Structures are given as structure tokens and as C-alpha cells.
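Structure at a glance
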Amino acid sequence: MNRIARAPRKSQRGVILFVALIVLVAMTLTGIALIRSVDTNLLVAGNLAFRQGATAAADWGIEAARTYLKTTVTANKAALDNDNPAAAYYATWQSGLDLVGTTTTPFGWSGSAQLVGTDTGGNEVRYVVHRMCEASGATSAAGANCVKASGGGGATGTEGSTKGTVSYSALALPGTTVVYYRVTVRVLGPRNTLSYVQAMLK
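Below is a summary of the structure that appears in this document. (Residues numbered from 1 in each chain as written. Predicted model: local features only at pLDDT ≥ 70, side-chain atom pairs only at ≥ 80, totals over all residues. Heavy atoms only, no water.)

1. So, the pairing of strand 9 (residues 194–201)
Burial of strand 9 is one-sided: the residues S195, V197, A199 and L201 facing one way are buried, the residues L194, Y196, Q198 and M200 facing the other way are not. Sheet topology places strand 8 (residues 181–188) next to strand 9; eight bridges connect them, and they run antiparallel. Across the sheet, R186 pairs through a bridge with Y196, a residue of strand 9. (Buried < 20%, exposed > 50% of the residue type's maximum accessible area, 1.4 Å probe, protein only. Helix = DSSP H or I, 4+ residues; strand = E, 2+ residues; numbered from the N terminus. Pairing = 2+ DSSP bridges.)

2. Considerations on the packing of aromatic side chains
Under the criterion given, the structure shown has four aromatic pairs. Where F107 meets W109, the ring centres are 5.2 Å apart and the plane angle is 85°; that geometry is what we call edge-to-face. Both residues of the pair, F107 and W109, belong to the buried class. (Phe/Tyr/Trp six-rings, centres within 6.5 Å; stacked < 30°, edge-to-face > 60°.)

3. Overview of a nonpolar patch on the surface
A contiguous nonpolar patch, built from V15, F18, V19, I22, V23 and M27 and spanning about 570 Å² of accessible area, is present on the exposed surface. With respect to the helices, strands and loops of the structure, F18 is situated in helix 1 (residues 15–76). Given the relative accessible area of 55%, F18 is considered exposed. (Patch = residues over 30% accessible without salt bridge, like charges linked within 9 Å, V, L, I, M, F, W, Y side chains within 5 Å. Areas by Shrake-Rupley, 256 points an atom, 1.4 Å probe, with all protein chains shown as cover. Salt bridge = Lys/Arg side-chain N within 4 Å of Asp/Glu carboxyl O.)

4. Comments concerning unusual backbone geometry
Of note in the backbone geometry, A88 takes a positive phi value of approximately 60° without being a glycine. Here A88 falls in the buried class, since its relative accessible area comes to 1%. Backbone geometry at N145 places phi at a positive 50°, although glycine is not the residue there.

5. Overview of the state of the cysteines
Following the criterion strictly, the structure yields one disulfide and no others. The disulfide that involves C133 links it to C146, with 1.9 Å between the sulfurs. For the disulfide bridge between C133 and C146, the dihedral angle about the S-S bond is near 110°, and by the sign convention the bridge is right-handed. Of this pair, C133 sits in the loop between strand 3 (124–131) and strand 4 (148–150) while C146 sits in the loop between strand 3 and strand 4, and the two are 13 residues apart along the sequence. (Disulfide = S-S within 2.5 Å.)

See the structure below:
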């Protein structure tokens, strides 16, 4: 009777399955890392979009402040010589005022700033105006120390063209000076997006 010789079982049997499992785990971890990276990029892009939207909304506040100043100058310019907290207007630059909340006594935006409104993007816009003077009162008073800009030198002149000669002497400002006003706008948007924008008006 012939006996068939059987080859001994190799101890390496099942190693391929073990290697395949390791590769599968590595691929799974790589996929998870890729998904997290994409989510992070989307989050950063979203935050940048909200920040840009908030900064753009600040133009609304600046225009509202400019309208207030223009209206007040037309009605009663002397009213700008003194504070008007109800309109978020202050006749001095208020040295040491914390407008962005870096100290323990920040400016109270919720109660002291002028609310312009909330746009369609959910951005709440508020502004406050400071006249660039050290003291209140008339800008020409001693001690007011206002930051001013020359409004013109009163020079005369003409401009030639094919249609004739146009004189600008009647439009030249007679050496007047104007005071600067600092407008600070705070925009509070979605996801607690916070943006501050300042502009100097005259």
C-alpha cells in the first residue's frame, strides 16, 4: 500500500491577511485625515468670507456717520462743539478710550454707540464719532487743539478748453480750515465675527 506524502503546513499561512488588514487600517486613517483637512479648509474659507462681509458692511456705518455730520453742519454747526451721547457723537478724541476691548474698561458699544441696523447678511452695524480735538467748545477756542486740514488757499485761475475759458476763482475756498472727525464702526456678524473699521472725515 502506497502512502501519499503530505507537505508540512507552513507557519507563514495567514500572513497575507494580516498585511492586508494593516494596509486597510492605514488607508482608513489616511481617508479620515483627508476628510478632516477638507473640513478645516472649508471652515477657514467660511470664516474669511464672514470677515470680508463684515468689513464691507462697515461702509454702511461710515456713510451713516457722514450723513449725521453733514446734516448737523447744515442745521446748526455749533452743535458739534459739544458732546451728544444720544447720537454717539463726542466733541473730543477721548484719549485713552478703549474701542476694541483690549483693557478691563472697554467702550460700551451696546449702549453708547449709534445702531445703524442689521443687513441681510446678519451683520449688526454700530458707529461712534469723535471730533479730533483735545477739548470741547469752539474749534477756534484756546486749548481746543483740534486736528485741522487746510480747505484751500483762495487762489484764482482759469482753465482753457475748446469751448472757451472757464474761471474757477468763484469756486476757490478762501483759505478756510476744517476739523477732522474720526468715525469708528463695529460690525458684529454671524459666528461671532467681529470687525472694526475707522475712517477720518472732514
